[in-house]
Amino acid sequence: MPVFFDNKKDLLILMTLIFFHLILISIQIPQDSESTYFEKGVFLVFSPIQHGIVWVYNKTGEILENYFLLRF
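Here goes a summary of the coordinates provided. Here the residue numbers are simple positions, counted from 1 along each chain's written sequence. Selection of residues for local features in this predicted model requires a pLDDT of at least 70, selection of side-chain atom pairs for listing and counting requires 80 or more, and totals for whole chains, interfaces and linings are taken over all residues. Side-chain numbers come from the whole structure's heavy atoms, not from hydrogens or water.

### Some words on the layout of surface pockets
To find leftover empty space, one rolls a probe the size of a water molecule over the atoms. Our working definition: Space inside and on the surface of the protein is sampled on a 1 Å grid over the protein atoms alone, with a cavity defined as a set of points where a 1.4 Å probe fits but cannot get out and a pocket as an open set with protein on both sides within 12 Å along at least 5 of 7 lines; lining residues have an atom within 4 Å of a point. Grid points are joined across faces, edges and corners, and a volume is the space filled by probe spheres set on the points. Only runs of H or I of at least four residues qualify as helices and only runs of E of at least two qualify as strands under DSSP, and these elements are numbered from the N terminus. Residue type decides the class: Asp, Glu, Lys and Arg count as charged, Ala, Val, Leu, Ile, Met, Phe, Trp, Tyr, Cys and Pro as nonpolar, and the leftover types, Gly among them, as polar.
Computed from the structure, the largest pocket encloses a volume of approximately 510 Å³. Within the residue set of the lining of the largest pocket, elements represented by two or more residues are α2 (9–27) and α3 (37–71). Here the lining of the largest pocket gets eight residues from one element, more than from any other, and that element is α3. A per-class count over the lining of the largest pocket returns twelve nonpolar, four polar and no charged.

### Section: the pattern of salt bridges
Just so we agree on the cut-off: A carboxyl oxygen of Asp or Glu within 4 Å of a side-chain nitrogen of Lys or Arg is what we treat as a salt bridge. Here the term buried applies to any residue with accessible area under 20% of the maximum for its type, exposed to any over 50%, and partly exposed to those in between, with areas from a 1.4 Å probe on protein chains only.
The tally for this structure, following the rule as stated, stands at one salt bridge. A salt bridge links K59 to E62; the nearest nitrogen and oxygen atoms lie 3.6 Å apart. Of this pair, K59 and E62 both sit in helix α3, three residues apart, roughly one helical turn. Assessed through its relative accessible area of 33%, K59 is described here as partly exposed. The class of E62 is partly exposed, set by a relative accessible area of 40%.

Below, the structure written as structure tokens:
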């Protein structure tokens, strides 16, 4: 990678993720009554990932909440 990207690697990753997130949000806007194969494919791929992230987030919150309840 060029030297320019070494210093701003985190920013580049963040901007890329935001870009893809905006694309996924824009795909969800209903334009007609039937989903396209592209939409179905995108949701088929990203739905398990989203459920996994939400599950980890919820479990982490539960663990921290239980820890603080034990400590205080």
